[in-house]
Amino acid sequence: MEKKTTSNETEPLTSKKDTSDCSKGEDCKENGLVVRNPKPALRLAEDGTKAHASRGDKGEAAQISNGYSGVQSSAPCDGEGEDGQGTAPAATTTTTTTSTTCGAEAQQQLMELEDRETWSKKIDFLLSVIGYAVDLGNVWRFPYICYQNGGGAFLIPYTIMALFGGIPLFYMELALGQYHRNGCISIWRKICPIFKGIGFAICIIDLYVASYYNTIMAWAFYYLISSFTAELPWTSCTNPWNTGNCTNYFSKDNVSWSLHSISPAEEFYTRQVLQVHRSNGLDDLGGISWQLTLCLLLIFTIVYFSIWKGVKTSGKVVWVTATFPYIILFILLVRGATLPGAWRGVLYYLKPDWQKLLATEVWVDAAAQIFFSLGPGFGVLLAYSSYNKFHNNCYQDALVTSTVNCLTSFVSGFVIFTVLGYMAEMRNEDVSEVAKDTGPSLLFITYAEAIANMPASTFFAIIFFLMLLTLGLDSTFAGLEGVITGVLDEFPHVWGKRRELFVLGLTILCFLGSLATLTFGGAYVVKLFEEYATGPAVLTVVFLEAVAVSWFYGITQFCNDVKEMLGSAPGWYWRVCWVAISPLFLLFVTCSFLSSPPELRLFDYDYPYWTTVVGYCIGTSSIIFIPIYMIYRLVITPGTLKERILKSITPETATEIPFGDIRMNAV
């Protein structure tokens, strides 16, 4: 990412001076770049050639706050500012103490800043963030959690948790990434270096997600291919994979539904797609399904060619992957609303049970749902916003994208439950009996079965599973971009010019890491990773991130950073949320999860006790990087223990701030 700095890239502040004259009492100048870090705010003269000291508060719109200075490119030197060219007039009553930042590191920072690509259009960024936040979980997880936790009454804790927990954290990450213009690893040099292990933990978590999330898309892709037939294969019981218990209650013949009856859609999912009957559980996963392996290989191929060139290419792809699902959701919503019995599903979905609000688990579920739906803590928001222009209105972006995400979850509930009401009408059962399936089974069994028995079933099956694919793809783009940006920003000298090669290696690694989920018992592995690899680990990461920014970097400093970008500082509501409410929100959810770990069960398989231990080991394997790096940082830092701690919590590098044609440096 390095390139030669040319003289026309940065406007000269003063006349040139040989670097040999750089000594105490003078500024370092070379190639028309001056380096000064005055403690009072600086403001530029209208002619752009002089910098004057100002007594003004950091908040004045015309000032460059936090001690900005042009990034220099000369050899290391130090000195204190004095009257002269480019400095404060002697008449100023404020004593200005300047410290010079000289050396190769500053030059490299300037080059990286100038080389960093940005989004082609603002809409590319918005669609990418919306595509990341709106994923498969919006379609299956929110509707299930909503009706399980009081229906319409659940919207109250959900909204409260969104306002005081989810959205503030979402806004915080967008602002951090946009201001510091770095990925999840190197950004901590500019915030609080001792917490740099958070960045490595995020990368490991993203790799875990990629190892199972794309397998679910492979299932959807298998369904999509199987849908190109006149009669969908999960509509009858005459296929080679069906058993004697297969019962098609949609057939014209009078059939009786017993306790042992299995729908053809369930047998297609479990015996043809997953083939779980060929596995005895986690201790005997069986062989690898070659059909799913080919599906996953094709998905990773699409992913690679969508992100290999950076956000300028992925920003174009999301025009399809982020907008197409909304078209399909609207079509399915209209179709579902016209089905017989649809009203029964909607009533079940929204009928409030106010007594549920007194249960702690309802509030825990609301907090977890909004958190995992918006998705802070995966490094994606940091990465995407780091490619924004410096003065982009990330506050408005946070409100728009989080609102769209929450509304999508709510509307998806109608899409799902109109069909569940139709299923209940056809089975002559209560909606609660039909809505027993959770997670992917809700989509691949219940919804697939309903589609199969609609008029024009082939058309609706194709667009539905195509929607699932597009929902998953842009979330995968985002997750991998979080890792890519983090690593490339941390090691620009190694991977800066080799992005395509690094992305290729990363996709191959993710594909190989997914092999365990492609076995006949792969669904059991997916369930284990979904519950343990991300949940408590991400909650811990974001909790420490909120603490590091609010308490170590400083809420005042962070709000001043936001003011530099937007022109106005965040109000007391945001400050209180960042300092206290959001960290408590995360701590509440984390402690609730750890106090009652989920008892896993999938189909007829009860997970053995040792899988809980394995699950916690998987979750710990990512966040263990945080204390390891803290110890490493304290060991390599010279000085007494107190000096080491102080140095480790003090930002070690400056943040380059674009100001017209001048690159200013925030210290």
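As recorded in an unreviewed UniProt entry, the chain goes by Transporter and comes from Zonotrichia albicollis. Looking at the chain in UniProt, the text filed under Sequence similarities (unreviewed entry) is "Belongs to the sodium:neurotransmitter symporter (SNF) (TC 2.A.22) family. SLC6A4 subfamily."

## Brief notes about the nonpolar core
For soluble globular proteins, the rule of thumb is that nonpolar side chains tend to be buried together. Grouped together as the largest cluster of nonpolar side chains are 179 residues, with contacts concentrated most on W219, W234, F465, L468 and F558. Not counting residues within four places of it along the chain, the set of residues in contact with W219 comprises Y269, V273, L274, L292, P440, F444, A523 and V526.

## Quick notes on the UniProt feature "binding site: Na(+)" (unreviewed entry) in the chain
The feature "binding site: Na(+)" (unreviewed entry), as given by UniProt, occupies G131, A133, V134, N138, S373, N405, L471, D474 and S475 in the numbering adopted here. Despite a sequence span of 345 residues, these residues sit close together in the fold, their greatest C-alpha distance being 14.1 Å. By the secondary structure assignment, N138 is in helix α3 (residues 136–148). Note on N138: relative accessible area 1%, which makes it buried.

## Description of helix α2 (residues 122–133)
Here α2 contains 12 residues, and its C-alpha end-to-end distance of 17 Å stays within 8% of the 16 Å for a straight helix at 1.5 Å per residue. Taken together, the buried positions of α2 are D124, F125, L126, L127, S128, V129, I130, G131, Y132 and A133.

## A word on the state of the cysteines
Per the counting criterion, the structure on display carries 1 disulfide. Between the sulfur atoms of C237 and its disulfide mate C246 the distance is 2.0 Å. Taking the torsion about the S-S bond as the criterion, the C237 to C246 disulfide, at about -75°, is left-handed. With no disulfide partner, C203 has as its closest neighbouring cysteine sulfur the one in C184, 3.8 Å distant.

## Describing the side chain of S289
Tracing the sequence through the fold places S289 in the loop between α6 (264–273) and α7 (290–307). Look past the residues within four positions of S289 in its chain and what remains in contact with it is Q275, L518, T519 and F520.

## Details of the packing of helix α20 (residues 535–566) against helix α21 (residues 572–595)
Two elements in contact, α20 and α21, have axes separated by 9 Å at closest approach and are oriented at 165°. In terms of axis orientation, α20 runs roughly antiparallel to α21. The hand of the α20/α21 crossing is left-handed. Across the interface between the two elements, P536, L539, T540, V542, F543, A546, S550, W551, I555, T556, F558 and C559 from α20 touch R575, W578, V579, P583, L586, L587, V589, T590, F593 and L594 from α21. Of the residues that constitute the contact of α20 with α21, the class distribution is 17 nonpolar, 4 polar and 1 charged.

## Considerations on the pattern of salt bridges
Applying the stated rule across the entire model yields 13 salt bridges. A salt bridge links E425 to R344; the shortest N-O distance between them is 3.1 Å. Here E425, found in helix α13 (residues 394–427), pairs with R344, found in helix α10 (residues 342–350); they are 81 residues apart in sequence, far enough to count as distant. Residue classification places E425 among the partly exposed positions, given a relative accessible area of 35%. Note that E481 is salt-bridged to R499, the shortest N-O span being 2.7 Å.

About the cut-offs
- Residues numbered from 1 in each chain as written.
- Predicted model: local features only at pLDDT ≥ 70, side-chain atom pairs only at ≥ 80, totals over all residues.
- Heavy atoms only, no water.
- UniProt positions renumbered as here; feature names shortened; annotations may be inferred.
- Core = buried A, V, L, I, M, F, W, Y, C linked by side-chain atoms within 4.5 Å.
- Buried < 20%, exposed > 50% of the residue type's maximum accessible area, 1.4 Å probe, protein only.
- Contact = heavy atoms within 4.5 Å.
- Helix = DSSP H or I, 4+ residues; strand = E, 2+ residues; numbered from the N terminus.
- Expected span 1.5 Å × (residues − 1).
- Disulfide = S-S within 2.5 Å.
- Axes fitted to C-alpha atoms, helices over the stretch in contact; angles between N-to-C directions.
- Parallel < 35°, antiparallel > 145°, perpendicular 65-115°, else oblique.
- Left-handed = near helix turned anticlockwise from the far one by under 90°.
- Nonpolar A, V, L, I, M, F, W, Y, C, P; charged D, E, K, R; others polar.
- Salt bridge = Lys/Arg side-chain N within 4 Å of Asp/Glu carboxyl O.

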